[in-house]
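Now for the letters of each chain:
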Amino acid sequence: MIQRLVANLRVIAALGRRAVRQTFRRPQLLAPIVIFPTLLLAIQTGGAGRAVDLPGFPQVNGFLDFMLAGAMIQSTLLAANSGGIALAVDIEMGFTDRLLAAPISRFSIVLGRLVGTAALGAFSAVWFIALGLIFGAQIEEGVAGVALMIGFVTLSAIAFGGLGAAIALRSGSASVVQGMFPLVFVVLFLSSAFFPTALMLEPAASVADYNPLSFIVEGIREPVISSLSGEVFLEAFGAIALIAALSLGLSALALRRRLRTGG
Amino acid sequence: MEAAGATTTAAFGPAANLATVRALVQRSRNELLRVPGAAIPGVLAPTIFFLGLTAVFGSLTLLPGFDTDRYQSFLIPVSLMQGAGFTGAATGVNLARDIEQGWFDRLLASPAPRPVLLAGLVISASLRALVPATALLIVGFSLGVGWPGLAGLALAVVLTMGTGIVAALWGCTLALRFKSQSAAPLMQAGMFILVLFTTAYAPIELLQPWLADVASINPMTEVIDAARQGFVTGGVTWGETWPGLVALASLIALMGFFALRGMARSNY
């Protein structure tokens, strides 16, 4: 029993390492995770930075402090999409079939990919925190706040990665997963990732109030701009748990269907 | 060898050049008609950005110094240029694919002069830029974007097509340099920077000082401001138009130089 668990953990670690290496070797996979969110962060901070003067904007040291959480979550969503694309490519190329024929737990194949996505999520959190600090952001909650932010972003990566994996397993097509790319931005724009919901236009503001992504973003943002309250923490954690349960459930169903029908 | 090449080029007269350009444009049109799904991301991405940014940053017009109370009118020219940037960059990706699959080698081995081959690619891109532009204008006008007048609309269309040419030349330069579709993010990132490090989100007086400095030396700022005037004020003046046209012509000349150099350095 323990031997089997250890063997599965080794498989998950090996597949996770492969996923991370794959991303760093292919510019097409890395660019959406690092380059585009960084460019967008720079443009939005520089272009809409005076928004902090608007009545009703939360008290912040600067617009960059407010925007960091949005950049991290954008990067994480795109990492999940890239992970889904890479899994679909594995299915198309027959690599997943070879893994399925191996004497390993089937779900460890999916978990291996999710571990890779989680590692990329943690990398994106560290990247944006470092960028923020270099360019003058202040993290009010200090080191504990940084640890909490990295934790939330990493868990979010697993939750969103599950959605990417479910679509990849269900469709088996990289272009279908890639087609989900614009939806990432729809979900982002309909959340508080880039602006306070109170200052957004309707109907986007109302949608953002109920979007689970808004709760996650606020959980990552709070340690930067003020002190984290228990309520915001629980809402963020609950939203991540909800998405993770849904996405992992969908992945398990899609994997079972793939094994039953063979495609 | 050189004499033989010269004879071949001379024999390839204006009529044959035009036919080659027409054939390449037709091929691009066929791609669009036969695989319409391939054009969807190029239409969807700028449209989602337009709708999303309007919803998110719409209250910026409340800041003193904003020259319109309708953010969608302020943003629409940026989205038009972004759409042209996406389609132009896609031309570069398609060229990289043709190079990878060996199809472009056959074009290079033909007697068609290389500038003519490049012209076929960039003219296709400028025409394809009208696809996202049409979708954006329909969405924009239905959401209250100000009517720019016929002259303003014509100017916006010309500047959009010109930006499509700039993006295609940039994409082709990179495709000829790297000969791989892996260069796609670089093609898109280049246009992303060119179009958005401008007065994309707010007038120059309201930008953060570092971005105001970048925007003031970025030629695309003049192009966007020229395209924007009609949507924001309802009219077009020559004083605000010519800097945009000059900036665009300069960008086309610069990118054209690099793309032609890439073509000249290609094997065959």
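Conventions and cut-offs
- Residues numbered from 1 in each chain as written.
- Chains lettered and ligands numbered in written order.
- Predicted model: local features only at pLDDT ≥ 70, side-chain atom pairs only at ≥ 80, totals over all residues.
- Helix = DSSP H or I, 4+ residues; strand = E, 2+ residues; numbered from the N terminus.
- Buried ≥ 20, exposed ≤ 12 C-beta atoms within 10 Å, placed from the backbone.
- Contact = placed C-beta atoms within 7 Å.
- Rg over C-alpha atoms; globule rule 2.2 N^0.38 Å.
- pLDDT = per-residue confidence, 0-100.
- Nonpolar A, V, L, I, M, F, W, Y, C, P; charged D, E, K, R; others polar.
- Expected span 1.5 Å × (residues − 1).

Colleague: Summarise the overall build of chain B; cite the residues concerned and give the values.
Modeller: Secondary structure assignment for chain B yields twelve helices and zero strands. Counting from the amino terminus, helix and strand elements in chain B follow one another as α-α-α-α-α-α-α-α-α-α-α-α. Each principal axis of the C-alpha atoms in chain B carries an extent, and together these give about 65 × 35 × 35 Å. Looking at chain B residue by residue over its 268 residues, the buried ones come to 48%. Counting only contacts in chain B whose residues sit at least 6 apart along the sequence, the fraction spanning at least 24 positions is 82%.

Colleague: Pulling in residues and values, what's your account of the overall build of chain A?
Modeller: When you go through chain A residue by residue, the secondary structure sums to twelve helices and zero strands. Counting from the amino terminus, helix and strand elements in chain A follow one another as α-α-α-α-α-α-α-α-α-α-α-α. Relative to a compact globule of 263 residues, whose C-alpha radius of gyration would be 18 Å, chain A shows 19 Å and is just as compact. Dimensions along the principal axes, computed over C-alpha positions, put chain A at roughly 60 × 35 × 35 Å. In chain A, buried positions account for 49% of the 263 residues. If you take every contact in chain A between residues at least 6 apart in sequence, the share linking residues at least 24 apart comes to 80%.

Colleague: Tell me about the confidence of the model for chain B, and name the residues and values.
Modeller: Residues and elements named next belong to chain B. Considering every residue of chain B, the mean pLDDT works out to 87; 94% of them sit at 70 or more. Taken as a whole, residues 1-7 scores under 50 in pLDDT and shows zero contacts with residues more than four places along the chain or in a different chain. Interface scoring of the predicted complex returns ipTM 0.79; its pTM is 0.83.

Colleague: How would you explain the interface of chain A and chain B if you had to name every residue and give the values?
Modeller: For an interface, size is often stated in terms of accessible area lost upon the parts coming together. Between chain A and chain B, the contact holds 26 residues from the first and 30 residues from the second. Listing elements by their share of the side of chain A that touches chain B, those giving two or more residues are helix 2 (27-33), helix 3 (35-48) and helix 9 (181-189) of chain A. Top contributing element to the side of chain A that touches chain B by residue count: helix 3 of chain A, with seven residues. Counted by class, the side of chain A that touches chain B contains 18 nonpolar, five polar and three charged residues.

Colleague: Report on the environment of Q74(A), specifying residues and quantitative values.
Modeller: Residues and elements named next belong to chain A. In this structure, Q74 sits in helix 4 (residues 63-93). On the basis of neighbour count, Q74 is assigned to the buried category, with 26 C-beta atoms found within 10 Å. Counting along the chain gives 111 residues from Q74 to F185, while the straight-line C-alpha distance between them is 8.1 Å. Apart from the residues within four sequence positions on either side, Q74 is in contact with P37, L188 and A193.

Colleague: Summarise helix 4 of chain A; cite the residues concerned and give the values.
Modeller: All names here are of chain A. Taking 1.5 Å per residue, 31 residues should reach 45 Å; helix 4 reaches 45 Å between its end C-alpha atoms and fits that length. Counting buried positions along helix 4 gives 27 out of 31 residues, so the element sits mostly inside the fold. In the segment just after helix 4, G94 is the residue with positive phi, at about 90°.

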